[in-house]
Amino acid sequence: TMINSIFVMSPTGEVLIEKHYRGYVSRTCCDTFWSEVQRSSHPQEVNPVLVTAKYYLIHVQRYGMYFIANVQHEVTPLLVTEFLHRVVDVFRDYFNEVSEESIKENFITVYQLMDEMMDNGIPMTTEPNVLKTMIMPPTILGRVATSMGVSDKSNITTDLPEGMLSTVWWRKKGVRYTNNEIYLDVVEEIDCSIDTNGLMVSCDVSGEVLVNCKLSGMPDLTLSFTNPSIIDEVNFHPCVRLSRYERDKVMSFVPPDGKFKLASYSVNTTGQSVILPLYVKPQIHFSGQSGRVNVMVGPKSNLAGRTIEDVVITIPFPRAVQSTSLSVNHGAAHFDDATKCLRWDVGKVPKERSPCLSGGVTLAPGAETPESGPTIMVDFKIVMFSASGLKIDALVLSGEKYKPYKGVRFVTKAGRFQVRS
């Protein structure tokens, strides 16, 4: 794979970063991309790969910003996309946020990272833990010293990280902790579409296993599941021994130090029903110049006492809606007159009563009556609940004498959760 250049664009189309790996490429190629953004009704509708006479532009959009790779030869587009996502993840890890301000503030570190992550257009070191041993993350004190021009100390180490020369390149040698701990977060997302009768049209569950490892020495871990057959397609961190997983369906690995994503997976939903944690019953009808709205939200009985948190209901009303008079018995609702979107922040769903939004809407004079109601978007989070029913059997440590503290947490979130009204 040969990536010629990488550009980072702000939400307003300003080129913040340009990094060239194989000769200079004029930033006018970003104008081609930006004209596509302006031509589309929504930035998300721009094709991930744009083809021009001279080159391909492959991009990802995250945090409202655009990360664009310029490629002049035939490549695997997914490899380029994955690399761009990795660049964003590393920026987030280093600067705690990815925004126009954070990139401008950490200009030097951004270029240092992009130097190490790719060499002559070929991805090199993309592991955050290894990068941190070479390039120190910025500190407030360091920023102040640099801005005053008194900093004489470089944040780049002169030595190559020890791990780079070993087969376990993602873990540095001589890691020591007084308390040995390892935390696992299994985060699952439900992408779901529910029709007007409350029946499921489509449902997909995807998940990822996030690890925060604070273990001394060179631990060898084995993670096994009670029901591994649920996991369908899986994508591993390089530390996982693939042959062992294919043979025994267990994840065997020497973990990197600190935070990392062990695996991401999709769930085999054929032949088994996905547990939907909540119901949304919308009734939105239009007649003449007005409409009636009634939306009810509540937990399903299969939650075993767990609370649904951070519930947000978004209703994109038709452009013809002029005004609304809506009330809620729980949370707060806000109607944006510019976008005609209603956002209802429900928060935690109470067990004793079902949150309800009700009232009426008025259409603009002479506007056509909408034939159908809008598609409602639902957002939520439940801790210690697995939508797929995946269960961890054991996490076994070998190669070291100590007994670590192990913490496991399941979180289920809404991905694209749509309810038709």
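Each remark here, short or long, concerns the structure printed above.
Calculation criteria
- Residues numbered from 1 in each chain as written.
- Predicted model: local features only at pLDDT ≥ 70, side-chain atom pairs only at ≥ 80, totals over all residues.
- Heavy atoms only, no water.
- Pairing = 2+ DSSP bridges.
- Helix = DSSP H or I, 4+ residues; strand = E, 2+ residues; numbered from the N terminus.
- Axes fitted to C-alpha atoms, helices over the stretch in contact; angles between N-to-C directions.
- Buried < 20%, exposed > 50% of the residue type's maximum accessible area, 1.4 Å probe, protein only.
- Polar contact = N/O pair within 3.5 Å; in protein donor to acceptor, adjacent residues only side chain to side chain.
- Contact = heavy atoms within 4.5 Å.
- Phe/Tyr/Trp six-rings, centres within 6.5 Å; stacked < 30°, edge-to-face > 60°.
- Expected span 1.5 Å × (residues − 1).
- Arc of directions from axis to C-beta.
- Parallel < 35°, antiparallel > 145°, perpendicular 65-115°, else oblique.
- Left-handed = near helix turned anticlockwise from the far one by under 90°.
- Nonpolar A, V, L, I, M, F, W, Y, C, P; charged D, E, K, R; others polar.
- 1 Å grid on protein atoms, 1.4 Å probe; cavity = no way out; pocket = protein on both sides within 12 Å on 5 of 7 lines; lining within 4 Å.
- Points joined across faces, edges and corners; volume = space filled by probe spheres on them.
- Salt bridge = Lys/Arg side-chain N within 4 Å of Asp/Glu carboxyl O.

**Student:** For this particular structure, what's the right way to read the sheet that holds strand β12 (residues 251–253)?
**Tutor:** The strands making up a sheet are joined through hydrogen bonds of the backbone, oriented either antiparallel or parallel. What the 3 strands build is an open sheet, ordered β12-β10-β22; its pairing is antiparallel. The sheet is open, and its two edges are formed by β12 and β22 (392–398), each paired on a single side. Ignoring strand direction, the axes of neighbouring strands in this sheet form an average angle of 10°. Strand direction decides the pairing type here: strand β10 (residues 220–225) and β12, joined by 3 bridges, are antiparallel. Opposite L223, over in β12, you have M251 as the bridge partner.

**Student:** Looking at this model, I keep getting lost on the pairing of strand β1 (residues 5–9). Mind explaining?
**Tutor:** Of all the 5 residues making up β1, 5 are buried; the element is thus mostly covered by neighbouring parts of the structure. Because side chains alternate across β1, one face comprises the buried residues S5, F7 and M9, and the other comprises I6 and V8, equally buried. Sheet topology note: the β1/strand β5 (residues 65–71) ladder contains 5 bridges and is antiparallel. Bridge pairing in β5 places F7 opposite I68. Strand direction decides the pairing type here: β1 and strand β2 (residues 15–20), joined by 5 bridges, are antiparallel. Bridging from a neighbouring strand, F7 pairs with E18 of β2. Linkage of β1 to β2, two consecutive antiparallel strands, is achieved through a turn of 5 residues, within which G13 is found at a positive phi near 95°.

**Student:** For this particular structure, what's the right way to read the side chain of H330?
**Tutor:** With respect to the helices and strands, H330 occurs in the loop between β17 (321–328) and β18 (332–336). A distance of 3.4 Å separates a polar side-chain atom of H330 from the backbone oxygen of V346. Discounting chain neighbours no more than four positions away, the residues touching H330 are W344, V346, K348, P350, R353 and P355.

**Student:** Any chance you could explain the packing of aromatic side chains here in plain terms?
**Tutor:** The way to describe two aromatic rings as a pair is by their centre distance and the angle between their planes. Here the structure, examined in full by the defined rule, presents 9 aromatic pairs. Seen from their ring centres, W34 and Y66 are 5.8 Å apart, and the 80° between their planes marks the pair as edge-to-face. Of the two residues, W34 is situated in helix α1 (residues 29–39) and Y66 in strand β5; the sequence distance between them amounts to 32 residues. The class for W34 is buried, based on a relative accessible area of 17%.

**Student:** Looking at this structure, I do not really get helix α2 (residues 77–95). What am I missing?
**Tutor:** Think of an α-helix as turning once every 3.6 residues; residues three or four places apart then point the same way. Over its 19 residues, α2 extends 27 Å from the first C-alpha to the last, a length consistent with the 27 Å expected when each residue adds 1.5 Å. For α2, the full list of buried residues reads V80, F83, L84, V87, V88, V90, F91, Y94 and F95. Seen along its axis, α2 keeps its buried residues to an arc of 160°; they face one direction. Trailing α2 by a residue or two, N96 shows a phi angle of about 70°, which is positive.

**Student:** Can you walk me through the sheet that holds strand β4 (residues 56–62) in this structure?
**Tutor:** Pairing is antiparallel across the open sheet formed by 5 strands, whose spatial order is β2-β1-β5-β4-β3. Two strands in the sheet have a free side with no partner beyond their single neighbour: β2 and β3 (49–51). The average undirected angle you get between the axes of adjacent strands in this sheet is 20°. Along the sheet, α2 contacts β1, β3, β4 and β5; its crossing angle with β4, the most-contacted strand, is approximately 40°. Across the face of the sheet, helix α4 (residues 107–117) comes into contact with β1 and β2 while running at roughly 30° to β2.

**Student:** Sorry, what's going on with the packing of α2 against α4 here?
**Tutor:** Relative orientation and spacing of two packed helices are given, respectively, by the angle between their axes and the distance between those axes. Following both chains from N to C, one finds α2 and α4 inclined at 140°, their axes separated by 11 Å at the closest point. It follows from the interaxial angle that α2 and α4 lie oblique. When the axes of α2 and α4 are compared, the crossing they make is right-handed. In this structure, α2 uses F83, R86, V87, V90, F91, Y94 and F95 to contact α4, whose residues at the interface are T109, V110, L113, M114 and M117. Along the lines of polarity and charge, the residues of the contact of α2 with α4 split into 10 nonpolar, 1 polar and 1 charged.

**Student:** Sorry, what's going on with the layout of surface pockets here?
**Tutor:** Leftover empty space is mapped by rolling, across the atoms, a probe with the size of a water molecule. Counted as a void, the largest pocket has a volume near 1,600 Å³. What lines the largest pocket is a set of 42 residues, and nearest its centre among them are D89, E208, L210, F260 and K261. Listing elements by their share of the lining of the largest pocket, those giving two or more residues are α2, β8 (181–194), β9 (200–214), β11 (231–236), β13 (258–267), β21 (375–383) and β23 (405–420). In terms of residue class, the lining of the largest pocket is made up of 16 nonpolar, 9 polar and 17 charged.

**Student:** Would you mind showing me how to read the pattern of salt bridges here?
**Tutor:** Any two side chains of opposite charge can pair if their charged atoms end up close together. Counted according to the given criterion, the structure contains 16 salt bridges. Between K19 and D115 there is a salt bridge whose closest N-O contact spans 2.8 Å. Here K19 is found in strand β2, whereas its partner D115 is found in helix α4, with 96 residues between them in sequence. The exposure class of K19 is buried, given its relative accessible area of 14%. Residue classification places D115 among the partly exposed residues on the basis of a relative accessible area of 48%. Ionic pairing is found between D220 and R241, a salt bridge with its closest N-O pair at 2.8 Å. In this pair, D220 sits in strand β10 while R241 sits in the loop between β11 and α7 (242–248), placing the two residues 21 residues apart along the sequence. For D220, a relative accessible area of 21% gives the class partly exposed.

**Student:** Sorry if this is basic, but what is going on with the environment of V361 here?
**Tutor:** By secondary structure assignment, the location of V361 is in strand β20 (residues 356–363). Accessibility expressed as a relative area gives 2% for V361, which makes it buried. Taking the C-alpha atoms as reference, V361 lies 64 Å from G217; in sequence the two are 144 residues apart. In this view, V361 contacts F286, Q289, S290, G291, V293, F317, V321, S323 and T324; residues no more than four positions away in its chain are not counted.

Keep in mind these values describe shape, not function.
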